[in-house]
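Structural description and commentary
The lines below spell out each chain.
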Amino acid sequence: MTGSRIKPDDKTYALADLLAVMARLRDPETGCPWDVKQSFATIAPYTIEEAYEVADAIERGDMSGLKDELGDLLLQVVYHAQMASEEGAFAFDDVADAITRKMIRRHPHVFEDPTRRDEFLGSGLWEQIKAEEKAARGEATDPTSILNDVPVGMPGLTRAAKLQKRAADVGFDWSDVGLIIEKVEEELAELKEAIAHNEPQERIADEFGDIAFVLANVARHLHVDPESALRGTCNKFIRRFQHIETALAADGRTPKDADLDEMEALWNVAKQAEKAAKRD
């Protein structure tokens, strides 16, 4: 890592090299001006974005892409650790030490008493250990609600499902997914009513939020990750709309040159082709 240039083809780099690269990028005198001026707050959005790109590579089955995306995500951890080190808060080794200790502590059925392995999943031990860790750190647990520590910054559907799971853990839950489906229909009727009566936009948004919240509950009961399911549908939409664009481009046109009926017909062609491919 010494010298004026880093030559990527000269060696196989390891974690220590990445840490050295980040330290150099953050050097106030010789580092990159962009990297030097960043903070935890400005880097946080990139950290979230990189996590989603990891998930995207996994969903596409792109192992080469996954390798690169995991590297990008690791860079985010290194970035935050470097900034913390500069403040004297902690360093990367402290991050690695903390998570290693946590994993060992939370898996006593693996590292301490293998006889408890079969009972672990339904024992509630994981949650108990997490609660003990929080108490040991001196973190105040708000006794007024079990929902208060569900992170606000989570994606909406994920947060909805987590809130619902917390409530379900103490018995506040639907007994059957069919009942939740009925609730979806009830909430949809309320949205239709709000639209029909030309209710204020705030009321319409509120009713829409109710539908999304209940759908997250449906997903939880069906053991479906709502965010992953929605990403899959977004990808499906992209594929089918791009089929429309390609088909029209063959005639020298764009979607602006076609009416809705023609585009819907092309959409259905793409839909049927996807179904046929799945059957093959």
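The numbering scheme is per chain: residues are counted from 1 as the chain's sequence reads. At least 70 in pLDDT is required for a residue's local features to be given in this predicted model, at least 80 for side-chain atom pairs to be given and counted, and no such filter applies to totals for whole chains, interfaces and linings, which use all residues. With hydrogens and water stripped out, all remaining heavy atoms of the structure feed into the side-chain values.

For the chain, an unreviewed UniProt entry supplies the name Nucleoside triphosphate pyrophosphohydrolase and the organism Methyloceanibacter caenitepidi. We quote the UniProt Sequence similarities (unreviewed entry) comment for the chain here in full: "Belongs to the nucleoside triphosphate pyrophosphohydrolase family." UniProt positions are given in the numbering used here, feature names are shortened, and annotations may be inferred rather than shown by experiment.

Another aspect to go through is the overall build of the chain. Looking only at helices and strands, one finds 12 helices and zero strands in the chain. Moving toward the C terminus, one meets the helices and strands of the chain in the order α-α-α-α-α-α-α-α-α-α-α-α. Computed over the C-alpha atoms, the radius of gyration of the chain is 25 Å, more than 25% above the 19 Å expected from 2.2 N^0.38 for a compact globule of 280 residues. Taken over the C-alpha atoms alone, the chain extends approximately 65 × 55 × 45 Å along its principal axes. Counting across all 280 residues of the chain, residues that qualify as buried make up 22%. Contacts are assigned to residue pairs that have any heavy atoms within 4.5 Å of one another. Considering only contacts within the chain whose residues lie at least 6 apart along the sequence, 47% involve residues at least 24 apart. Taken as a whole, the chain presents about 19,300 Å² of accessible surface, with 58% of it coming from carbon and sulfur. Within the chain, one finds 35 positive and 55 negative side-chain charges whose respective centroids are separated by 3 Å. For helices the rule is a DSSP run of H or I covering at least 4 residues; for strands it is a run of E covering at least 2, with both sets numbered from the N terminus onward. C-alpha atoms define the radius of gyration in this analysis, and the globule rule sets the expected value at 2.2 Å times the number of residues to the power 0.38. Residue burial is assigned from relative accessible area. The probe radius is 1.4 Å, only protein chains are included, and a residue is buried under 20% of its type maximum, exposed over 50%, and partly exposed in between. Only the protein chains shown count as cover for residues, with accessible areas throughout obtained via the Shrake-Rupley method and a probe of 1.4 Å. A positive count includes Lys and Arg, and a negative count includes Asp and Glu. His and the chain ends are not counted in either. Throughout, a charge is located at the NZ atom of Lys, the CZ atom of Arg, the CG atom of Asp or the CD atom of Glu.

Okay, the packing of aromatic side chains next. Only the six-membered ring of Trp is used, alongside the rings of Phe and Tyr, when aromatic pairs are assigned; centres must lie within 6.5 Å, and planes under 30 degrees apart are stacked while those over 60 apart are edge-to-face, with the rest tilted. Within this structure, the stated rule accounts for three aromatic pairs. Arranged with centres 6.0 Å apart and planes meeting at 10°, the rings of Phe237 and Phe241 form a pair that is stacked. Placement of the pair is Phe237 and Phe241 together in helix α11 (residues 226-249), with a separation of four residues, close to one helical turn. Since its relative accessible area comes to 46%, Phe237 is described here as partly exposed. Accessibility expressed as a relative area gives 29% for Phe241, which makes it partly exposed. Taking 5.5 Å as the distance between ring centres and 55° as the angle between the ring planes, the aromatic pair formed by Phe237 and Trp267 counts as tilted. Residue Phe237 is located in helix α11, and its partner Trp267 is located in helix α12 (residues 260-279); the two are separated by 30 residues in the primary sequence. For Trp267, a relative accessible area of 22% translates into the label partly exposed.

The next point concerns the packing of α11 against α12. One way to put it is that α11 packs onto α12 with a least axis distance of 9 Å and a crossing angle of 120°. One way to sum up the angle between α11 and α12 is to call them oblique. You can see that α11 and α12 cross each other, and the crossing is right-handed. Each of Lys236, Phe237, Arg239, Arg240, Phe241, His243, Ile244, Ala247 and Leu248 in α11 lies in contact with α12, whose residues at this interface are Glu262, Met263, Leu266, Trp267, Val269, Ala270, Lys271 and Glu274. Class assignment for the residues of the contact of α11 with α12 results in 10 nonpolar, one polar and six charged. Axes here mean lines fitted to C-alpha atoms, for a helix over just the part in contact, with angles spanning 0 to 180 degrees between N-to-C directions. The cut-offs work like this: below 35 degrees is roughly parallel, past 145 is roughly antiparallel, 65 to 115 is roughly perpendicular, and the gaps in between are oblique. If you view the pair so one helix is near and one far, a crossing is left-handed when the near helix is turned anticlockwise from the far one by less than a right angle, and right-handed when it is turned clockwise. Here the term charged refers only to Asp, Glu, Lys and Arg, the term nonpolar to Ala, Val, Leu, Ile, Met, Phe, Trp, Tyr, Cys and Pro, and the term polar to all other amino acids, Gly among them.

A separate point is the domain arrangement of the chain. Note that the domain bounds reflect an automated or database-derived domain assignment. Assigned domains of the chain: these are domain 1 (15-106), domain 2 (141-224) and domain 3 (228-278). Its C-alpha centre places domain 1 at a distance of 34 Å from the equivalent point of domain 2.

To continue, consider the side chain of Gln82. Structurally, the position occupied by Gln82 is in helix α4 (residues 63-86). On the accessibility criterion, Gln82 (17% relative accessible area) is buried. Those residues in contact with Gln82 that lie beyond four places of it in its chain are Met22, Ala23 and Arg26.

Let us now look at the pattern of salt bridges. We count a salt bridge whenever a side-chain nitrogen from Lys or Arg sits within 4 Å of a carboxyl oxygen from Asp or Glu. Taken as a whole and judged by the stated rule, the model has 17 salt bridges. One salt bridge connects Arg203 with Glu207, and the closest N-O pair in it is separated by 2.8 Å. Placement of both Arg203 and Glu207 in helix α10 (residues 201-221) is noted, with a separation of four residues, approximately one turn of the helix. One salt-bridge network, held together by shared partners, links Asp56, Arg60 and Asp62.

Only buried Ala, Val, Leu, Ile, Met, Phe, Trp, Tyr and Cys residues count toward a nonpolar core, and they belong to the same one when joined by side-chain atoms within 4.5 Å. Core analysis: the biggest nonpolar cluster contains seven residues, these being Met22, Ile43, Val78, Tyr79, Ala81, Met83 and Phe92. In terms of residue count, the dominant contributor to this core is α4 (four residues). Every residue in contact with Phe92, bar those within four places of it in the chain, is listed here: Leu15, Leu19, Val77, Val78 and Ala81. In this structure, Ile244, Leu248, Ala258 and Met263 belong to the second largest nonpolar core, which totals five residues.

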